[in-house]
Amino acid sequence: MNIHLIAVGDKMPRWVQEGYREYARRMPRECALKLSEISARHRGKHADIARITRDEGKHMIEAIPRSSRVVALEVKGRSWSTEDLSRQLENWMASGQDVSLLVGGPDGLASECREQADQLWSLSPLTLPHPLVRVIVAEQLYRAWSILRNHPYHRA
């Protein structure tokens with residue numbers, strides 16, 4: 001099973017790239033984490049944000065592998081504890097089906113992406129910057145996997 005992190009933005013600061021890579025590298029082959037970056041559209045002074053968000057959403061949907069379970073990261077989604085995420089990961093791995101996690105850009109996720117989703121996941125009621133979400137998701141997935149394998153990384 002692969003976990004596809006499909007995220008808007010392709011010019012991330014080095015600390016985001018390094019943070020994401022560190023945790024993605026730790027994930028085992030049985031649930032490898034793979035990043036697909038969708039180019040963020042230019043947002044000028046009089047940009048049509050609704051159109052831009054729809055366009056980014058269209059490209060995100062096109063990046064979802066066939067027969068993949070789709071989980072949209074959405075502030076209005078369901079929040080999971082680390083242990084809940086660990087159970088989710090266990091279920092995803094047992095199904096053998098790839099999982100695609102969708103992370104919107106600076107103006108959020110297109111409604112078409114939310115409609116396509118099998119699940120809506122909220123990391124927090126706070127609005128988090130989309131670059132930081134990549135690092136948080138990668139770390140939490142690694143932590144969830146470490147719980148499943150009784151790895152000492154998770155000490156709570």
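All values reported here derive from a predicted model rather than from experimental measurement.

Asker: Please set out the packing of aromatic side chains residue by residue, giving values where relevant.
Answerer: Taken as a whole and judged by the stated rule, the model has six aromatic pairs. With 6.5 Å between their ring centres and 65° between their planes, Tyr23 and Tyr153 make a pair best called edge-to-face. Here Tyr23 is found in helix α1 (residues 14–26), whereas its partner Tyr153 is found in the segment after α5 (130–148), with 130 residues between them in sequence. The residues Tyr23 and Tyr153 share a single accessibility class, namely buried. An aromatic cluster of three or more residues is present, and its members are Tyr23, Tyr142, Trp145 and Tyr153.

Asker: Account for the nonpolar core, naming residues and giving values.
Answerer: In this structure, Ile3, Leu33, Leu89, Trp92, Leu101 and Leu141 are the most contacted members of the largest nonpolar core, which totals 29 residues. At the level of secondary structure, the elements contributing two or more residues to this core comprise β1 (2–8), α1, β3 (69–79), α3 (82–95), β4 (99–103) and α5. No other element matches the seven residues that α5 contributes to this core. In contact with Trp92, other than residues within four places in its own chain, are Met1, Arg69, Val71, Trp80, Leu85, Gln97, Val99, Leu101, Gln119 and Leu141. Listed in part, the 12 residues of the second largest apolar core include Ile6, Val8, Met60 and Leu109.

Asker: Help me get a handle on the confidence of the model for the protein chain, residues and values and all.
Answerer: Taken over all residues, the pLDDT of the protein chain has a mean of 94, while the share at 70 or more is 98%. For the protein chain, per-element mean pLDDT is lowest for β3, which scores 95, and highest for β4, which scores 98.

Asker: Explain the environment of Cys113 to me, and be specific about the residues and the numbers.
Answerer: By the element assignment, Cys113 lies in helix α4 (residues 111–116). Not counting the four nearest positions on each side in its chain, Cys113 is found in contact with Gly57, Met60, Ile61, Ala72 and Leu102.

Asker: Got a sec to walk through the environment of Ser79? Specific residues and values, please.
Answerer: With respect to the helices, strands and loops of the structure, Ser79 is situated in strand β3. Separated by 46 residues in the primary sequence, Ser79 and Pro125 place their C-alpha atoms 8.4 Å from one another.

Asker: Outline unusual backbone geometry, supporting the account with residue identities and numerical values.
Answerer: Of note in this structure, Ser67 is not a glycine but carries a positive phi near 55°. Inspection of the secondary structure assignment puts Ser67 in the loop between α2 (49–63) and β3. We note that Asn150 has phi near 55°; this positive angle belongs to a residue other than glycine. Counting through the fold element by element, Asn150 comes out in the segment after α5. For Asn150, a relative accessible area of 73% translates into the label exposed.

Asker: Kindly report on the sheet that holds β3, identifying the contributing residues and their values.
Answerer: Sheet strands associate in pairs through backbone hydrogen bonding, adopting either a parallel or an antiparallel arrangement. With parallel pairing, five strands are arranged side by side in an open sheet as β2-β1-β4-β3-β5. Edge positions in the open sheet fall to β2 (32–38) and β5 (119–122), since each of these has one partner strand only. For this sheet the average axis-to-axis angle between neighbouring strands, irrespective of direction, equals 30°. Seen against the sheet, α3 touches β1, β3, β4 and β5 and runs at an angle of roughly 150° to β5.

Asker: Give a description of the pattern of salt bridges that names residues and reports values.
Answerer: According to the stated counting rule, one finds 12 salt bridges in the structure shown. For Glu62, the salt bridge is made with Lys58, and the minimal N-O distance between the two is 3.5 Å. Separated by four residues within a single helix, Glu62 and Lys58 lie in helix α2, roughly one turn from each other. The class of Lys58 is partly exposed, set by a relative accessible area of 44%. Among the ionic contacts, a cluster of salt bridges with common partners joins Glu22, Arg25 and Arg26.

Cut-offs applied
Residues numbered from 1 in each chain as written. Predicted model: local features only at pLDDT ≥ 70, side-chain atom pairs only at ≥ 80, totals over all residues. Heavy atoms only, no water. Phe/Tyr/Trp six-rings, centres within 6.5 Å; stacked < 30°, edge-to-face > 60°. Helix = DSSP H or I, 4+ residues; strand = E, 2+ residues; numbered from the N terminus. Buried < 20%, exposed > 50% of the residue type's maximum accessible area, 1.4 Å probe, protein only. Core = buried A, V, L, I, M, F, W, Y, C linked by side-chain atoms within 4.5 Å. Contact = heavy atoms within 4.5 Å. pLDDT = per-residue confidence, 0-100. Pairing = 2+ DSSP bridges. Axes fitted to C-alpha atoms, helices over the stretch in contact; angles between N-to-C directions. Salt bridge = Lys/Arg side-chain N within 4 Å of Asp/Glu carboxyl O.

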